[in-house]
Amino acid sequence: MFTRREPVPFAFIAEADRFSSNVTPPPRERASAGRIAGRWLLGLTIVAGLVGSLVLGMPALSTPSSTPAQQSQASQGHTQGR
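Residues numbered from 1 in each chain as written. Predicted model: local features only at pLDDT ≥ 70, side-chain atom pairs only at ≥ 80, totals over all residues. Heavy atoms only, no water.

Trainee: Residues and numbers for the overall build of the protein chain, please.
Mentor: Of the regular secondary structure elements, the protein chain holds three helices and zero strands. Put simply, the protein chain runs from its N terminus to its C terminus through helices and strands in the order α-α-α. Across the 82 residues of the protein chain, 0% fall into the buried class. Taken as a whole, the protein chain presents about 9,000 Å² of accessible surface, with 61% of it coming from carbon and sulfur. (Helix = DSSP H or I, 4+ residues; strand = E, 2+ residues; numbered from the N terminus. Buried < 20%, exposed > 50% of the residue type's maximum accessible area, 1.4 Å probe, protein only. Areas by Shrake-Rupley, 256 points an atom, 1.4 Å probe, with all protein chains shown as cover.)

In structure tokens form, the structure reads like this:
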């Protein structure tokens, strides 16, 4: 019913680990001053947007502690028109 398979020789994998290429990749191009400045400007814009949204959003997230919480008329059970 079950047949035994021959073990597969993995010698080619061992040879691939020892193989080293004599071809070197070309050196990377240096980014120009304009490209570096553009990256900095983009990064500063993103950070400024995040900080601005945090500064503008904090008052909306905080609850005033000096005034008691007010309930709406709907939560008090009032009906209008009757």
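Moving on, there is more to tell.
Trainee: Quick rundown of helix α2 (residues 33-61)? Include the residues and the values.
Mentor: Taking 1.5 Å per residue as the helical rise, α2 with its 29 residues ought to reach 42 Å, and the 41 Å between its terminal C-alpha atoms agrees with that figure. For α2, the buried fraction is low: zero of the 29 residues fall into the buried class. (Expected span 1.5 Å × (residues − 1).)

Trainee: Tell me about a nonpolar patch on the surface, and name the residues and values.
Mentor: A surface patch of nonpolar side chains, amounting to about 360 Å² of accessible area, comprises Ile36, Trp40 and Leu44. Its location among the elements puts Leu44 in helix α2. (Patch = residues over 30% accessible without salt bridge, like charges linked within 9 Å, V, L, I, M, F, W, Y side chains within 5 Å. Salt bridge = Lys/Arg side-chain N within 4 Å of Asp/Glu carboxyl O.)

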